[in-house]
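# Inside the fold
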Amino acid sequence: MPLDLTPVPHELRGLRIALLVAGGIAAYKLVDLASALTQAGSQVRVAMTPSATRFVGAPSFRGVTGNPVLTGLWAPGGAPEPHVFLGDWAQLVLLAPATANVIGRIANGQSDDIVTATVLASRSPVVVAPAMNDAMWSKQAVRDNIATLRERGMTVVEPESGHLASGHVGAGRLAASAQLLEAMASAVRSRYDLAGRRVVVTAGGTREPIDPVRFISNYSSGKMGFAIASAAAERGARVVLVTTASHPAHNGVDVRPVETADEMLAELRAQLEGADLLVMAAAVADFRPAKVSGSKIRREETSHLTLDLEPIPDLLATVGREKGGAGVFRVGFAAEGSDLDAKALEKMKKKGLQAIVANDISRKDVGFGSDHNEGVILFADGTRQEIERMTKRAMADRILDLVGPRLDLRGDVPPQGGGPGEASSRRTPLNR
Ligand code: CTP
């Protein structure tokens, strides 16, 4: 089937794919594949062995992907360790055409060119698509190396039988694009349970200005939100993190800095359209100064200062009533000092959430500022799961383990008080 008739599986859309090209005549077919993936919304970065560049020019790949092509371990203008960058960046690696030589070198852990080094430096599933002469493909040495790659968890897409460049007819021709795409999608499905999902996370305490140099805020460090954003990105989701805090995040996370609750609401409204999941880990202020002084309030000008505070709307309940947010699976956090379950349940209902994570803020060893957390997650469907003390990163994965399978099953619980836009904007798995 011509490639332009092969639909790109939805798991690959939005995914960061490293396409590693070795020196075989079939290299030219990968230009089409890179183009189809890019057009379908995947981000494709190509690395080529020196001999691959003799079959296809790097500018062809650059042209169809829009990204620079790596052709060596010392690429001019590239990152100092391009293979480490590419290995970290990629959510999926496709090695094609995989020659007998490159297969042998990978099976032996060699890393003397950008392709083999990137395979070794990768943290993601690797799909290997061999293509070579039929006699080479049939040799025991090659079969043993292929078996080694499979044992080590790589997916091997067997070559097809047919007319070979050598003039022979036999097994060795690069598998059809449809098969490559299906093998890639299957590798993604088994590794990335959130592939194809759009996740919006909030983090940190909002800062509500008093004057140009002072603000009201809270003790939230933002670490829990960053942990959730990174975990979701590692599980294949496209993640936007709306945050007042700043910490290292997984390099796939789209970080949107904000300061105030108003800015956070505006960014949420911009991001929620088409999202599958909102995790609201931010500690949004409940009150802000009713008037913000345009200039610094001076000590000598006032002997006694009283701040008049006005309430801030509940962001979760607000977006839950709006068209963009109503169809999104919404998870809130509840920071409580006592009666954890009862108060969290009440908040979940009031804010119209599908789930809420409650933690005890009276504990000093978990929660605010700590790298650890502990709590309980409650779902609108009645499920209750305790989360024992663990790192925030591990807790993020535990939350996503529980939320992920429910994303298509969400029961709709409108925020109390109702509002416009709810009934019309429900999304089902089919129109998601
Ligand atoms: N939240 C929000 N908008 C606010 C305040 C809180 O969206 N103005 C969200 C938080 O991000 C969190 C959840 O609501 O996910 C619960 O926050 P919490 O501070 O525990 O609850 P509050 O509703 O503020 O109630 P209270 O402070 O009285 O406990």
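See the structure printed just above.
Residues numbered from 1 in each chain as written. Predicted model: local features only at pLDDT ≥ 70, side-chain atom pairs only at ≥ 80, totals over all residues. Heavy atoms only, no water.

### Concerning the packing of helix α5 (residues 100-107) against helix α6 (residues 114-121)
- Their axes nearest at 10 Å, the elements α5 and α6 cross at an angle of 40 degrees. Here α5 is positioned oblique relative to α6, judged by the angle of their axes. Here α5 runs over α6; the crossing is right-handed. Note on element contacts: α6 touches α5 through V115, T116 and V119, opposite V102, R105 and I106.
- When grouped by side-chain class, the residues that make up the contact of α5 with α6 number four nonpolar, one polar and one charged. (Axes fitted to C-alpha atoms, helices over the stretch in contact; angles between N-to-C directions. Helix = DSSP H or I, 4+ residues; strand = E, 2+ residues; numbered from the N terminus. Parallel < 35°, antiparallel > 145°, perpendicular 65-115°, else oblique. Left-handed = near helix turned anticlockwise from the far one by under 90°. Contact = heavy atoms within 4.5 Å. Nonpolar A, V, L, I, M, F, W, Y, C, P; charged D, E, K, R; others polar.)

### Digging into the layout of surface pockets
- Taken as a whole, the largest pocket holds about 930 Å³ of empty space.
- Lining the largest pocket are 39 residues; nearest its centre among them are A282, A283, V284, F333 and A335.
- For the lining of the largest pocket, the secondary-structure elements that each account for two or more residues are α10 (223-234), α12 (315-320), β16 (329-336) and α14 (340-351).
- Looking at the lining of the largest pocket residue by residue, the classes come out as 20 nonpolar, 11 polar and eight charged. (1 Å grid on protein atoms, 1.4 Å probe; cavity = no way out; pocket = protein on both sides within 12 Å on 5 of 7 lines; lining within 4 Å. Points joined across faces, edges and corners; volume = space filled by probe spheres on them.)

### Quick word on the sheet that holds strand β4 (residues 126-130)
- Taken in spatial order, the five strands of this open sheet run β2-β1-β3-β4-β5, and their pairing is parallel. The open sheet is flanked by β2 (43-48) and β5 (155-156), the only strands paired with a single partner.
- Bridging between strand β3 (residues 92-98) and β4 involves four bridges; their strand directions are parallel. Considered in β4, the bridge of V93 is made with V126. (Pairing = 2+ DSSP bridges.)

### Quick look at the sheet that holds strand β17 (residues 355-360)
- In spatial order, the strands read β12-β11-β8-β13-β16-β17-β18-β19; together these eight strands make up an open sheet with mixed pairing. In this open sheet, the two edge strands, each paired with only one partner strand, are β12 (253-257) and β19 (384-391). Taken over all neighbouring pairs, the strand axes of this sheet differ in orientation by 20 degrees on average, direction set aside.
- Along the sheet, α14 makes contact with β16, β17, β18 (372-379) and β19, crossing β17 at roughly 145 degrees.
- With respect to the sheet, helix α15 (residues 392-403) is in contact with β13 (277-280), β16, β17, β18 and β19, its orientation differing from that of β19 by roughly 155 degrees.

### Remarks on the environment of L277
- Within the fold, L277 resides in strand β13.
- Considered as a pair, L277 and M264 are 13 residues apart in the sequence and their alpha carbons are 16 Å apart.
- Those residues in contact with L277 that sit more than four places away from it in its chain are R198, V199, V200, V328, F329, V331, L400, V403 and L407.

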